[in-house]
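Chain by chain, the residues run as shown.
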Amino acid sequence: MKRVACNDDLRMRARRRVPRMFFDYVDGGAWTESTYRANSSDLSAIRLKQRVAVDVSQRTARTTLLGQSTRLPLAMSPTGLTGMFWPNGEVLAMQACEAFGIPYTLSTVSIASIEDLARVATKPFWFQLYVIRDRDFIERLIRRAEQAGIDTLVLTLDLQMSGQRNKDIRNGLSSPPKPTLRNLADLALHPAWCLAMARHRNMRFGNLYGHVDGMKNRKALSEWTNEQFDPTLSWTDVRRIRDRWKGKLVLKGILAPEDAQTALTIDADALVVSNHGGRQLDGAPSTISALPDIVAEVGGRTTVLIDGGFTSGQDIFKALALGANGVMMGRALLYGLGAGAQAGVAAALEMIRNELEVTMGLCGVSRIEEIGPHNLYKAAERG
Ligand SMILES: Cc1cc2nc3c(=O)[nH]c(=O)nc-3n(C[C@H](O)[C@H](O)[C@H](O)COP(=O)(O)O)c2cc1C
């Protein structure tokens, strides 16, 4: 993509192309957005150790994640409503991730269904599960995931109720948008989005619509979430899902070492240190600041992934140096999607790969497995 140098350029381009209601849905955090901001500002504060005169001519960011060979230590985080952010968004993002060589995670609250993606996927993608009150629906959803050949289930634990995002309230977020004067004016200002939507037309929650009672299209997502999502969700339920699901299980939304300790007893294949991108508990710490204690608690007994505020290859490098095995990204890849559909996601990934491999080189590292605490300054050293 021309004149795109960094992820923020993609963000600015997406902001111009995506109707405000859907751009803000992606771009916002809960309440004061303090956790949302801390995710990225704490990453920026970490200082890398520059090293010289090391042969780094053969460096590569290729590695494995959960036994799968990947081009980067990266997977795309599950993001709801992606087919409204950009029409057919889940299919386009999945295809970009697949072509590039990283796993894509489809959200329970996606517009495209598991079956829509399975029809066009050439490799297994990951599927994210929310536990809702209707447990028969959960069983049917798990069965649908199995039938689609999905091998990795990402169970999200930090949305037992919906955090409040002020921007969504002010915008009256709904899918499809309500035909108010304000929304119609907003759509008129985004003709490329409207044209693409006219081609695809799909505005329903594909995994839910027709499969779950009480799912009405125009209802605010947060309203429906609060009605249907299950605040009784417990570790016993998590254990039950572990016993039921034969594939790989990833537990997403771990932020406290105490929860990491319990997660270890579930025999999960990985956990994701996540605060839902600052969209749930405002006031929670950034994920990068929570990472070292969780890594220490886990002590290598399971794979540790992290997301929240990651937008560059440098950010990935920092997480690996602090002990993560891999990173997930939500918004950074969505900005690519809004900026240029499938090619935009591909451009975002290519930029991230380049940033990571250049950073590795300037830190004197050739392989992902060599990255460690020695690549960072300790807080006292950086003054
Ligand atoms: C627009 C949007 C929708 C999201 N929807 C979901 C979802 O459906 N399921 C889920 O587990 N996490 C969801 N998340 C959280 C992401 O999976 C991830 O934890 C977060 O985006 C990471 O932060 P980042 O966007 O700064 O990379 C969503 C995040 C965003 C930005």
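Structural data are supplied above this passage.
Residues numbered from 1 in each chain as written. Predicted model: local features only at pLDDT ≥ 70, side-chain atom pairs only at ≥ 80, totals over all residues. Heavy atoms only, no water.

Visitor: Any chance you could explain the pattern of salt bridges here in plain terms?
Guide: Side chains that differ in charge, positive against negative, can pair when their charged atoms come close. With the rule as written, the count across this model stands at 20 salt bridges. E139 serves as the salt-bridge partner of R143, at 3.2 Å between the closest nitrogen and oxygen. Taken as a pair, R143 and E139 lie in helix α7 (residues 135-147) at a separation of 4 residues, close to a single helical turn. A residue is classified by how much of its surface remains accessible, and R143, at 40% relative accessible area, is partly exposed. (Salt bridge = Lys/Arg side-chain N within 4 Å of Asp/Glu carboxyl O. Helix = DSSP H or I, 4+ residues; strand = E, 2+ residues; numbered from the N terminus. Buried < 20%, exposed > 50% of the residue type's maximum accessible area, 1.4 Å probe, protein only.)

Visitor: Honestly, the site of the ligand in this entry has me stumped. Any pointers?
Guide: As a structural note, the neighbourhood of the ligand is formed by 22 residues, with P78, S107, Y130, T156 and D307 the closest of them. A distance of 2.9 Å is found between an oxygen atom of the ligand and a side-chain nitrogen or oxygen belonging to K252. When isolated, the ligand has an accessible area of 600 Å², and the protein chains bury 98% of it. Of the residues that constitute the shell around the ligand, the class distribution is 6 nonpolar, 12 polar and 4 charged. (Near = heavy atom within 4 Å. Polar contact = N/O pair within 3.5 Å; in protein donor to acceptor, adjacent residues only side chain to side chain. Areas by Shrake-Rupley, 256 points an atom, 1.4 Å probe, with all protein chains shown as cover. Nonpolar A, V, L, I, M, F, W, Y, C, P; charged D, E, K, R; others polar.)

Visitor: Can you help me understand the environment of S286 in this one?
Guide: Take S286: it is sitting in the loop between β8 (270-273) and α14 (287-298). For S286, a relative accessible area of 1% corresponds to the buried category. Residues S286 and A53, 233 residues apart in the sequence, show an inter-C-alpha distance of 35 Å. Beyond its immediate sequence surroundings of up to four residues, S286 is in contact with A38, N39, D42 and N275. A polar contact is formed between the side chain of S286 and the side chain of S289, at a distance of 2.9 Å. (Contact = heavy atoms within 4.5 Å.)

Visitor: What is the right way to read the pairing of strand β6 (residues 152-156) from this model?
Guide: Note on strand geometry: in a regular strand, side chains alternate between the two faces of the sheet. Within β6, 5 of the 5 residues are buried, which leaves the element mostly enclosed by the surrounding structure. Burial of the side chains of β6 extends over both faces: T152, V154 and T156 are buried on one face and L153 and L155 on the other. Handedness of the crossover is the feature at issue here: the chain leaves strand β5 (residues 126-129), passes through α7, returns alongside β6, and the resulting connection is right-handed. Here β6 pairs with strand β7 (residues 248-254) via 5 bridges, running parallel. Counterpart to L153 in the pairing with β7 is L249. (Right-handed = clockwise from strand over helix to strand, strands pointing away. Pairing = 2+ DSSP bridges.)

Visitor: Sorry, what's going on with the environment of S40 here?
Guide: Residue placement: S40 occurs in helix α3 (residues 34-44). Spatially, the C-alpha atoms of S40 and N375 are 19 Å apart, while their sequence positions differ by 335 residues.

Visitor: What should I look at first to understand unusual backbone geometry in this one?
Guide: For R3, which is not glycine, the phi dihedral falls at a positive 55°. Secondary-structure assignment places R3 in the segment before α1 (7-17). Its relative accessible area of 78% is what places R3 among the exposed residues. Phi at D267 is positive, roughly 60°, even though this residue is not glycine. Structurally, D267 can be placed in the loop between α13 (257-264) and β8.

Visitor: Before we go on, may I ask you to explain the pairing of strand β9 (residues 303-306) in this structure?
Guide: Neither face of β9 is exposed, since T303 and L305 on one face and V304 and I306 on the opposite face are all buried. Between the parallel elements β8 and β9, the chain passes through α14 in a crossover that is right-handed. Relative to strand β10 (residues 326-329), β9 runs parallel, the two sharing 2 bridges. Among the inter-strand pairings, L305 is bridged to a residue of β10, identified as G326.

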